[in-house]
Amino acid sequence: MSISSETHFGIARKIVSNMTAESWETIPHAVMNYEPDVTEFMKECKKLNEGNTDPAKKITINTVMLRVICEGLKAAPKLNAHLEFNRKLVRGCLRTFDHIDISMPMILPNGEMMTINMHDMGNKTMTEMTAAIQEAARKARNTDLNEVMFEVSLDNTLTALKKGKVSQTINRLVGSKTGKHKVKTLSGDAKKKYYAIPTKDRLTKHDIEQGTVTITNLGSIYRPYRGECCLLEIIPPQVAAIAINAAQRRPVVVKDADGNEQIAVGTVMPITLAFDHKAVDYGDVVPFIQKLDEIFANPSIIQEWK
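Bear in mind the structure is a predicted one, so any value in this text is a computation, not a measurement. (Residues numbered from 1 in each chain as written. Predicted model: local features only at pLDDT ≥ 70, side-chain atom pairs only at ≥ 80, totals over all residues. Heavy atoms only, no water.)

A. Structural detail: the packing of helix 3 (residues 61-75) against helix 4 (residues 126-141). It is the contact of helix 3 with helix 4, at a shortest axis distance of 10 Å, that shows an interaxial angle of 120 degrees. With respect to helix 4, the axis of helix 3 lies oblique. Considering the relative orientation of helix 3 and helix 4, their crossing is right-handed. From helix 3, Asn 62, Thr 63, Val 64, Leu 66 and Arg 67 reach across to helix 4, where they touch Met 126, Met 129, Thr 130 and Ile 133. When its residues are assigned to classes, the contact of helix 3 with helix 4 shows five nonpolar, three polar and one charged. (Axes fitted to C-alpha atoms, helices over the stretch in contact; angles between N-to-C directions. Helix = DSSP H or I, 4+ residues; strand = E, 2+ residues; numbered from the N terminus. Parallel < 35°, antiparallel > 145°, perpendicular 65-115°, else oblique. Left-handed = near helix turned anticlockwise from the far one by under 90°. Contact = heavy atoms within 4.5 Å. Nonpolar A, V, L, I, M, F, W, Y, C, P; charged D, E, K, R; others polar.)

B. Layout of a nonpolar patch on the surface. On the surface, Ile 107, Met 113, Ile 221, Tyr 222 and Tyr 225 cluster together to form a nonpolar patch covering roughly 520 Å² of accessible area. Tracing the sequence through the fold places Ile 107 in strand 4 (residues 102-107). Judged by its relative accessible area of 49%, Ile 107 is partly exposed. (Patch = residues over 30% accessible without salt bridge, like charges linked within 9 Å, V, L, I, M, F, W, Y side chains within 5 Å. Areas by Shrake-Rupley, 256 points an atom, 1.4 Å probe, with all protein chains shown as cover. Salt bridge = Lys/Arg side-chain N within 4 Å of Asp/Glu carboxyl O. Buried < 20%, exposed > 50% of the residue type's maximum accessible area, 1.4 Å probe, protein only.)

C. Highlighting the sheet that holds strand 10 (residues 271-276). Taking strand neighbours across the sheet as the criterion, the six strands line up as 1-10-7-6-4-5 in an open arrangement whose pairing is mixed. The sheet is open, and its two borders are formed by strand 1 (29-34) and strand 5 (113-118), each paired with just one other strand. Strand-to-strand twist of the sheet, defined as the mean angle between neighbouring strand axes without regard to direction, takes the value 20 degrees. As judged from the six bridges shared by strand 4 and strand 5, these two strands associate in the antiparallel manner. Considered in strand 5, the bridge of Ile 102 is made with Met 118. With respect to the sheet, helix 9 (residues 282-297) is in contact with strand 1, strand 7 (240-244) and strand 10, its orientation differing from that of strand 1 by roughly 20 degrees. (Pairing = 2+ DSSP bridges.)

D. Structural context of the packing of helix 3 against helix 9. One can describe the packing of helix 3 onto helix 9 by two numbers: an axis separation of 7 Å at closest approach and a directional angle of 135 degrees. With respect to their mutual orientation, helix 3 and helix 9 come out oblique. In this structure, helix 3 meets helix 9 at a crossing whose hand is right-handed. Residues Met 65, Val 68, Ile 69, Glu 71, Gly 72, Leu 73 and Ala 75 of helix 3 form the contact with helix 9, whose own contacting residues are Pro 287, Phe 288, Lys 291, Leu 292, Ile 295 and Phe 296. Grouping the amino acids of the contact of helix 3 with helix 9 by side-chain chemistry returns ten nonpolar, one polar and two charged.

E. Molecular detail of unusual backbone geometry. Along the chain, Pro 236 connects to Pro 237 via a cis peptide bond; the corresponding omega equals 10 degrees. Tracing the backbone shows Pro 237 in the loop between strand 6 (213-217) and strand 7. Phi is positive for Val 90, close to 55 degrees, though the residue is something other than glycine. Turning to its location among the elements, Val 90 is positioned in the loop between strand 2 (81-86) and strand 3 (91-96). Positive phi outside glycine occurs at Asp 120, with the angle close to 50 degrees. Overall, the relative accessible area of 30% leaves Asp 120 in the partly exposed class.

F. Molecular detail of the pairing of strand 3. The pairing of strand 2 with strand 3 spans six bridges and is antiparallel. Across the sheet, residue Ala 81 finds its bridge partner in strand 3, namely Thr 96. Counted between consecutive antiparallel strands, the loop separating strand 2 from strand 3 contains four residues, among which Val 90 sits at a positive phi close to 55 degrees.

G. Spotlight on the nonpolar core. Counting residues in each nonpolar core, the largest one holds 62 residues, and the members touching the most others are Phe 41, Leu 79 and Phe 288. Counting residues per element, this core draws most heavily on helix 3, which supplies seven residues. Apart from residues no more than four positions distant in its own chain, Phe 41 is found in contact with Val 64, Met 65, Val 68, Ile 295, Phe 296, Pro 299 and Ile 302. Among the nonpolar cores identified, the runner-up in size contains seven residues, and Ile 27, Leu 232, Ala 241 and Ala 274 belong to it. (Core = buried A, V, L, I, M, F, W, Y, C linked by side-chain atoms within 4.5 Å.)

H. Geometry of the packing of aromatic side chains. Counting across every chain of the model gives four aromatic pairs. Seen in terms of ring centroids, Tyr 194 and Tyr 195 are 5.1 Å apart; in terms of plane orientation they differ by 80 degrees. Their pairing is edge-to-face. With a relative accessible area of 6%, Tyr 194 lands in the buried category. A connected cluster of aromatic rings, assembled from ring pairs, spans Tyr 34, Phe 41 and Phe 296. For Arg 202, the ring lying beneath its charged end belongs to Tyr 194, and the centroid distance is 5.2 Å. (Phe/Tyr/Trp six-rings, centres within 6.5 Å; stacked < 30°, edge-to-face > 60°. Lys NZ or Arg CZ within 6 Å of the ring centre and 35° of its normal.)

I. A look at the layout of surface pockets. Of the voids in this model, the second largest pocket is the one considered here, and its volume is about 940 Å³. As for the second largest pocket, its lining consists of 40 residues, and the residues nearest its centre are Thr 60, Asn 62, Asn 217, Ser 220 and Arg 223. Among the elements of the structure, helix 2 (39-47), helix 3, strand 4, helix 4, strand 6 and strand 8 (248-255) are those that each provide at least two residues to the lining of the second largest pocket. Sort the elements by how many residues they give to the lining of the second largest pocket and helix 3 lands first, with five residues. Of the residues in the lining of the second largest pocket, the class split is 22 nonpolar, 13 polar and five charged. (1 Å grid on protein atoms, 1.4 Å probe; cavity = no way out; pocket = protein on both sides within 12 Å on 5 of 7 lines; lining within 4 Å. Points joined across faces, edges and corners; volume = space filled by probe spheres on them.)

In structure tokens form, the structure reads like this:
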């Protein structure tokens, strides 16, 4: 057996691998899969763009679902929180937030993926959410992934040092500054040219810092996919991660005019919710599911969010 290729992790992969490894090492994941019938809901989504001839102002299913999830989080605030937990002393503190900052994975123009912090999405209309997502995409086109990731990595390293994690700091510096695994960032004229770009026109540490919850739209990555995510990572100190799966045609139970149940072809959009069992129980998730049930049963409500 011979090696066909060898690729050393870049800084983005280093950060992702470190964060996901910490996730599985420290978080007891509990998962719920929710499969709502969204047949009527999807019809209401189409109405949102009636008469709109400007593609830039189109409200996508992704945006609508982000708003739906935000409504669910408002009903279940323990999911929109950060956890501080000391296992040795068995001490924990759950901090909930009055705003919803969504950590949202986004595919960059070069094909790489970066998680963007979409700030205060819970208080935005869907038109404002659309504009915010488009603005993040615009800034991403002017962003050097390695540079902005290095800013975050450096900030995390300094934070760890302040907390007395000296060995961790030294290990990170060795891992990123030596040998074949050295992190490559801009230098010389290229660095000057890049940092001459105003911060309003490129992503900074503020744009990719930790949000209050992670929401991933897997349906946008591969729409023909006929299945659902069964498990996903919770990135500490967050306590929840949510995956929106592709809408798909499935058999559903409906009632006819006489109230009799029958099988029909409908549209189902599976949603996966993982939560940190140290901080949240299944009962804490119920208000989230109830709110989504309410929205999908009365989908015309989304017209008020426009």
